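Here is how the chains run, residue by residue.
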Amino acid sequence: MAAIQTILERLLVPDNAVIQQATRDLQAVYRNPDVIPGLCTLLHSSPNPQIRQFAAVLLRKRLVKLWKKLPGNDRTTIKSMLLQCLTQETVRIVFISVAHLASVLAKYELPRGQWEELSTFIFQFCHSQDPQQREVGVLLLSSVMETAALDFKQHFQSLFQLLSSALEDPQSKTVPFYALKCLTSMVEYVAEEDSPHFTPLVPKIMAVVRALISEDEDKACEGMELFDEIVECEVGMVTPHLPDLIQFSLQVASNSSLGDNLRVKALSFLQWLASLKKKSLLKQGLLPSVIRTMLTIMATPHPGGAEDEGDATTETQSPISLAAQVLDILSLHLPPEKILSPVLECVEPWLESTNHFQRAASLIAIAVMVEGCSVHIKNHHLPALLQIVYKGVRDEEKVVRNASLFAIGQFSEHLQPQIAEYSGELLPVLFQFVDHALQSPLQEASALTKIFYALETFCEQLGPKLVPYLPVLMEKLFVALSSPDVHNCIHVKELAISAIGAAANACESEFLPYFDRTINLLKQYIMLPHHQDTLILQAQAIDTLGTLARTVSEDNFRPLAAECVTLGVALLQGEDPDLRRSVYGMLASVSCVIKEEMCGQLEPVVGRIFQALVSEEGVTVHYASSEVPFLDFDEEEEEEEEGEGGERGEASSSMLDDSRAIEGYTVENAYLEEKEDGLNALAEIAGNVGPGFVRYIDDCFREANSLTEHSHEGIRKAAICAVATFCRLWYRWLREAGSTDLEELQFLTNSTVLSLAATARTDSDRNVVGASLESLENIFKSLKGTEFKLAPQACSSVLVSLQDILHNKAQCCGVEAEDSGTGDMSEYDSVVLECAGSVVGPFAVVAGGEAVLPSLPQLLSPLIDRLAPKSSVPTGLLPLVPLRNCWMGWVATPVSYWSCTLCS
């Protein structure tokens, strides 16, 4: 004990050399069995609070690795000592370190019923009349809840009563804060029977957060994490208090005197509510106040006076951009007439305002409405909104012009084909903007991105109608790539190269007069020396090369194909994920041209994509600070010691420390996007190469299937599409090869159908659900005319999923979907319903009409309802398609059913 005390005392000496030597000495004695009792003695008895803190941290690091090996008597002694330390410790930072140690041991001991004294201690102190003891009890409870909340589940209702009092503690500001932290850890495990005991706490929670806002904004942000947990786990618990919660969030979000972090927290909560409680927003008349507040925030000048001030189109986590995202989410989840009309009513007076930030906010508000209300706008508002945008692009203020350009890009992306009719008016305006911006690209950097976004999106969506404008457009783009004025502006070159790809994609064979010159320019950028600043140009050039492979004729691109594949394989060895994902896309495009000729180069391509799919590159683990950073020395020897033990229990006990110390993870978007693009490329290459890909199909299926439940929705969607593609191709290739042993593959196909049906019913992301339904439709279409036997379990699962989706009971329909009719849908909800309707017919053909007929009333009634005038977005004759296919799939004529259905 004396030796380790001396070492810890030397760590306090203000001399780096002494500290470094003391750290080495500590490492040397750390594995001595006597170190644990020595540290316990120091923790309990040292008069120096820093020594006590060191001892607590070191004990935590050591005990989680040796806890199971300790004799029972020693474990009991240590637990008793910890409770004594918690009782007598007066220094806050030491107490927190001891509480962390106790919480880590609690995670191991409580499930075995081995530390009832801890629970008794916590409840006794939390109910104490002494405010200091209450602080000790609630702080310790919050620490234990982080690691062992589930072990207290049987006490949740009594804990809610305790925490209800703690939230209103009149003698302590600390107790309410740690009560919030307790509740944050508990929400994940709150069952339905616990909700009535939690719901009354919501007003008290808001009161505590309000108090924290005026005292400590950082703590207020921590407190508001409880709201995030609620919406992720059980948003129904706050429904009775929804109006107050929304008003509270609006007050915080709109208070410009508060820090951005706190305001962003409030806006993020509103985003969740916009998607999950959309019906309540309408029923309780909350939507107008939400819209007005978001517009007010969007019209706020940036306090730094930056060039992009007031710009809500930037992808930053600022209150201004988050407010625009809230409106965007509302447009995606509400019926178009319920959201667009009130937004237009609010922005109409602002469009004539002398405040240019209000004019810009109005244009951005219109722009973010477009994706979710596209059909409604095309049918009722397009000419009027275009006149507003035309006026905006001529505004004297740059921020207003930029907002108008963003709106043009949104119109171009989502309002086709109607927007193409205005090409004669829009393109000349965009060309003028390009000319002006290229004269001083560095000064016009903020505008350039939006100009090219509008130009590229509009041109790509025009298709063949772009051909008359192609000479002028290409001349301007070539100038952007070669002009000395933009010689050093990498961003301009990147935008120009991307726009060339868009033009080629629109004009296809009509692009041939510019093909050779474009290829020569692309080669210059693809062969640039490796440098971080120019990687983005290299990646964009490869993207555009892939676009050319798809759009110009095969005969024209084929001479370049072999060189492209060789180049791509070489570039796959690079370390930049953005460059690799561009190469994946380019190789998939080239496979459209050379097809089975690519077989010889598949090994390195497929192998590198596999590496990306299983890689953990880009994952950053965020550890909680130990407050003693120089004690985080390398413990490789200790890890080896664990490995020698080889017991699963020891390994799991070491995880206790990891789970307590890890605060969270972040993953760089580039690595997530690489997985997504890699999956898409594998599926496309497999389809283009044909049976020559069969030797990789098993591994591809397995890797893709492992990602169908990934946390990132884009990866889930790509994995689902890839799995379905591999399944269809595999089945087709074996049948074409005359194979008679299809039993295993039939089992695999049925398993895939089961998985896709479950995802369609349970996934909360509508794009993932749409991909699952489309994949099911494609699988069933590919099985038409075969002797495939759909397993009864798979058939039942598909029927249940289709019924849930068509009746708005699936997870993606939201928590309020049960009472929603088909006439009260957003346009995106309508798309999901139509995807489900499209599955019914092909499914009936494969499953047989006898299997589907009993469920026809449930399947078809919502589709037929969509033909009624009350529907926001009618589906035309869509319901008749599944009716026809069901008829074809059934062996007899269901006259009675048709009569009842068509006459109702």
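Residues numbered from 1 in each chain as written. Predicted model: local features only at pLDDT ≥ 70, side-chain atom pairs only at ≥ 80, totals over all residues. Heavy atoms only, no water.

Looking at an unreviewed UniProt entry, one finds the protein chain named Importin-4, with Geodia barretti as its source organism.

S.K.: Just checking my understanding: could you explain a negative patch on the surface for this structure?
M.R.: A cluster of acidic residues, Asp698, Asp741, Glu743 and Glu744, forms a negative patch at the surface. Within the secondary structure layout, aspartate 741 lies in the loop between helix H37 (713-736) and helix H38 (743-762). (Patch = residues over 30% accessible without salt bridge, like charges linked within 9 Å, V, L, I, M, F, W, Y side chains within 5 Å. Areas by Shrake-Rupley, 256 points an atom, 1.4 Å probe, with all protein chains shown as cover. Salt bridge = Lys/Arg side-chain N within 4 Å of Asp/Glu carboxyl O. Lys, Arg positive; Asp, Glu negative; His and termini not counted. Charge placed at Lys NZ, Arg CZ, Asp CG, Glu CD. Helix = DSSP H or I, 4+ residues; strand = E, 2+ residues; numbered from the N terminus.)

S.K.: How do you make sense of the packing of helix H31 (residues 577-594) against helix H35 (residues 669-689) when you look at a structure like this?
M.R.: Helix packing geometry: the angle between the two helix axes and the distance between the axes. Their axes nearest at 9 Å, the elements H31 and H35 cross at an angle of 15 degrees. What the angle tells us is that H31 and H35 run roughly parallel. For H31 against H35, the interelement crossing comes out left-handed. Residues Pro577, Asp578, Arg580, Arg581, Tyr584, Leu587, Ala588, Ser591 and Cys592 of H31 form the contact with H35, whose own contacting residues are Ala670, Tyr671, Glu673, Glu674, Asp677, Gly678, Ala681, Glu684, Ile685 and Asn688. In the contact of H31 with H35, the residues fall into 9 nonpolar, 3 polar and 7 charged. (Axes fitted to C-alpha atoms, helices over the stretch in contact; angles between N-to-C directions. Parallel < 35°, antiparallel > 145°, perpendicular 65-115°, else oblique. Left-handed = near helix turned anticlockwise from the far one by under 90°. Contact = heavy atoms within 4.5 Å. Nonpolar A, V, L, I, M, F, W, Y, C, P; charged D, E, K, R; others polar.)

S.K.: Just to check I follow, could you spell out the nonpolar core for this structure?
M.R.: Note that soluble globular proteins tend to have their nonpolar side chains buried in a common cluster. If you look at the biggest cluster of nonpolar residues, it comprises 310 residues, and the most contacted ones within it are Phe198, Phe557, Phe693 and Phe726. Examining the composition of this core, we find that 13 residues originate from one element, H37, more than from any other. (Core = buried A, V, L, I, M, F, W, Y, C linked by side-chain atoms within 4.5 Å. Buried < 20%, exposed > 50% of the residue type's maximum accessible area, 1.4 Å probe, protein only.)

S.K.: It is not clear to me how helix H36 (residues 694-705) should be interpreted in this structure. Could you clarify?
M.R.: Residues spaced three or four apart along an α-helix point in a common direction, a consequence of the helix completing one turn every 3.6 residues. For H36, spanning 12 residues, the distance from its first C-alpha to its last is 17 Å, which sits close to the expected 16 Å at 1.5 Å a residue. Residues of H36 that are buried include every one of Tyr696, Ile697, Cys700, Phe701, Glu703 and Ala704, and no others. Contacts made by the buried residues of H36 are with helix H32 (602-614), H35, H37 and H38. (Expected span 1.5 Å × (residues − 1).)

S.K.: It is not clear to me how the confidence of the model for the protein chain should be interpreted in this structure. Could you clarify?
M.R.: Residues of the protein chain with pLDDT of at least 70 account for 85%, and the chain-wide mean is 84. Ranking the elements of the protein chain by mean pLDDT puts helix H34 (residues 648-661) last with 39 and helix H20 (residues 356-369) first with 96. The low-confidence segment residues 633-661, where pLDDT is below 50, has 46 contacts with residues more than four positions distant or belonging to other chains. A low-confidence stretch, residues 890-904 stays under pLDDT 50, and its non-local contacts, those more than four residues away or across chains, total 16 contacts. (pLDDT = per-residue confidence, 0-100.)

S.K.: Teacher, can you tell me more about the pattern of salt bridges here?
M.R.: Between side chains of opposite charge, pairing is possible as soon as their charged atoms come close. Evaluated as defined, the whole model comprises 25 salt bridges. A salt bridge links arginine 581 to aspartate 578; the shortest N-O distance between them is 3.3 Å. Here arginine 581 and its partner aspartate 578 are both found in helix H31, 3 residues apart, which amounts to about one turn of the helix. Owing to a relative accessible area of 23%, arginine 581 belongs among the partly exposed residues under this scheme. Ionic pairing is found between glutamate 674 and arginine 580, a salt bridge with its closest N-O pair at 2.6 Å. You can see glutamate 674 sitting in helix H35 and its partner arginine 580 sitting in helix H31, a full 94 residues away along the chain. Each member of the pair, glutamate 674 as well as arginine 580, carries the same accessibility label: buried.

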